[in-house]
Amino acid sequence: MSGLRMSLCSTVIVAAGLSFSASAQAQGQEEPQTLFTNVHIFDGVNEQRIENASVLVEGNLIKSVSTDAIDAPNATVIDGEGRTLTPGFIELHAHLMLMGPTLPAMEANTTWEDFAIHGARMAEMYLMQGFTTVRDAGGANGGLRRAIDSGQIEGPRYYPSGAFIGTRGGHADFANFTAPPGSETNMGRLNMAQEVSGVDDVYKFARNNFRMGATQLKFMQSGGVVSAFDPWQLLAGSPEEIRAAVQVANEYGSYVMAHSYRKEAILSALDAGVMSIEHGFSFDCEIAEVMNEKGAYITTNLTAFDPGLLDIPAVANVPASLAKAKSASATFAGYIDNMKECPVKRGFQTDCVGSVEACNIQIAYEKHLNNDFFGPYTSMVTLTSTGGEVVALSGDFMNPYTAGKLGVIEEGAYADILLIDGNPLEDFSVVGTGDQWFGADPRPESPDTIRLIMKDGVIYKNTLD
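In this text, all values refer to a predicted model and were calculated from it rather than measured experimentally.

Asker: Lay out the packing of aromatic side chains with the relevant residues and their values.
Answerer: One pass over the structure, following the stated rule, counts 16 aromatic pairs. For the pair Phe89 and Phe131, a centre-to-centre distance of 5.8 Å together with 65° between the ring planes defines the contact as edge-to-face. Of the two residues, Phe89 sits in strand 6 (residues 89–94) while Phe131 sits in strand 7 (residues 131–136), which places them 42 residues apart along the sequence. Judged by its relative accessible area of 0%, Phe131 is buried. With a centroid separation of 4.6 Å and an interplanar angle of 45°, the aromatic rings of Trp437 and Phe438 are classed as tilted. On the basis of relative accessible area, Phe438 is assigned to the partly exposed category, the value being 48%.

Asker: Hey, could you go over the sheet that holds strand 7 for me, with residue numbers and the actual values?
Answerer: To summarise the sheet geometry, strands pair through backbone hydrogen bonds and adopt either a parallel or an antiparallel arrangement. A sheet is described by the order of its strands in space; here three strands give the open sequence 6-7-8, paired in parallel fashion. Among the strands making up the open sheet, the edge pair consists of strand 6 and strand 8 (157–159). The sheet shows a mean angle of 15° between the axes of neighbouring strands, taken without regard to direction. Relative to strand 7, strand 6 runs parallel, the two sharing four bridges. Note on strand 7: the bridge partner recorded for Glu91 is Val134.

Asker: Tell me what's going on with the state of the cysteines, and back it up with residues and numbers.
Answerer: The term disulfide refers to a covalent linkage connecting the sulfur atoms of a pair of cysteines. If you walk through the whole model with that rule in mind, you get two disulfides. Shown here is the disulfide that connects Cys285 with Cys342, its sulfur atoms set 1.9 Å apart. In this structure the cystine formed by Cys285 and Cys342 twists about its S-S bond by roughly 90°; its chirality is therefore right-handed. Remark: Cys342 occurs in the loop between helix 12 (335–341) and strand 15 (346–348) and Cys285 occurs in helix 9 (residues 285–294); sequence separation between them is 57 residues.

Asker: Could you give an account of the side chain of Thr299, with specific residues and numbers?
Answerer: When you line up the elements, Thr299 lands in strand 14 (residues 297–300). Given a relative accessible area of 0%, Thr299 falls into the buried group. A polar atom in the side chain of Thr299 sits 3.0 Å from the side chain of Gln349. Beyond its immediate stretch of four places on either side in the chain, Thr299 contacts Leu92, His93, Arg135, Ser276, Ile277, Glu278, His279, Gly347 and Gln349.

Reading the values: the criteria
- Residues numbered from 1 in each chain as written.
- Predicted model: local features only at pLDDT ≥ 70, side-chain atom pairs only at ≥ 80, totals over all residues.
- Heavy atoms only, no water.
- Phe/Tyr/Trp six-rings, centres within 6.5 Å; stacked < 30°, edge-to-face > 60°.
- Helix = DSSP H or I, 4+ residues; strand = E, 2+ residues; numbered from the N terminus.
- Buried < 20%, exposed > 50% of the residue type's maximum accessible area, 1.4 Å probe, protein only.
- Pairing = 2+ DSSP bridges.
- Axes fitted to C-alpha atoms, helices over the stretch in contact; angles between N-to-C directions.
- Disulfide = S-S within 2.5 Å.
- Polar contact = N/O pair within 3.5 Å; in protein donor to acceptor, adjacent residues only side chain to side chain.
- Contact = heavy atoms within 4.5 Å.

Spelled out as structure tokens, the structure:
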């Protein structure tokens, strides 16, 4: 199955595969096996590939990884012909439901059908770009995951955060300009964004997010650049409110991710027990010391450091946003050097809000910037094992995928696997990069160099001869 376009046939095949696996387990039958031979393995962790190896998949898990021949007479054999076998990629900060073009447009003119159709198309796009796991950083509840996991639509493993939680006038305030405090909003009705005022509101909406299928919580602590009401320097939410979100997450065995720009915001979030800092543009070595002490993670959209950022229409054409962007760029200038000097565990994030086609381009450019700033090995770890560690923070209760590890190639891990032409540790472009953002030509539905995509033991793309 090519997987390049979702079809009724492919959906039925995927669903049937899931049903067969469950039925086989129930009846004690042997599960189907796939044997990858003649591959060089990047396992998600080590800088050196495992050369001339084989990987046996049984059902939806990796059964064996070996440089010796694996005896599996009933397996479907796939000869990798010297290609690189890697874990499926993991996106840690996406917004699959937010199609743009502006926040006011989504608030005033968008229905649940519009959001749902966009989310389904984004899910398929991400999978075909090699992402077998996506953490949604706000705006999506549990419905899309149920549709993916049941085989109704094609997409990655999915970790939604439910509604953004934030304060009036903060980065989660999507209400129309003239909306009075406490008024009902489109984003609120759909549990995509919720305005909180005090600890009791945090308790209410945080618990409701888990009720609606969230796997972790997202607190909007800082402001933004292109948003309407909030300066990027904003310190939104009291320490008590952030601790309330952490308390609720702990009740569910999960964690909080925080949208944090300023150094004061980042340190405050870490002090409250936040485990995943989003953006974190003011990162420095003092922050690194605290993060390493607490075992926390960071994800940063590196497009924020793009030289052409000030020329983006949404920035250049809005005087307030342009002023914010100039101020932010000056403050955030040390991020890359600080991350190299005092590295912490950093996950891949794109943070695209827009059309499927535009996000496809932005994902490829974000891959390119990771390599440009940090090199291929660090970028591959960022795309794989670090992401697997982060999504596992959702714990035993809220994590929907607990049978194996994600982001690694090892015995017992989930069979989320890519076969890639060439060696991404030497030529990172083979993972599907793009060296242009705005003004770039449309991207292919799937990179030609990613020859096979397997998720949960099911092959969604195979262009091997």
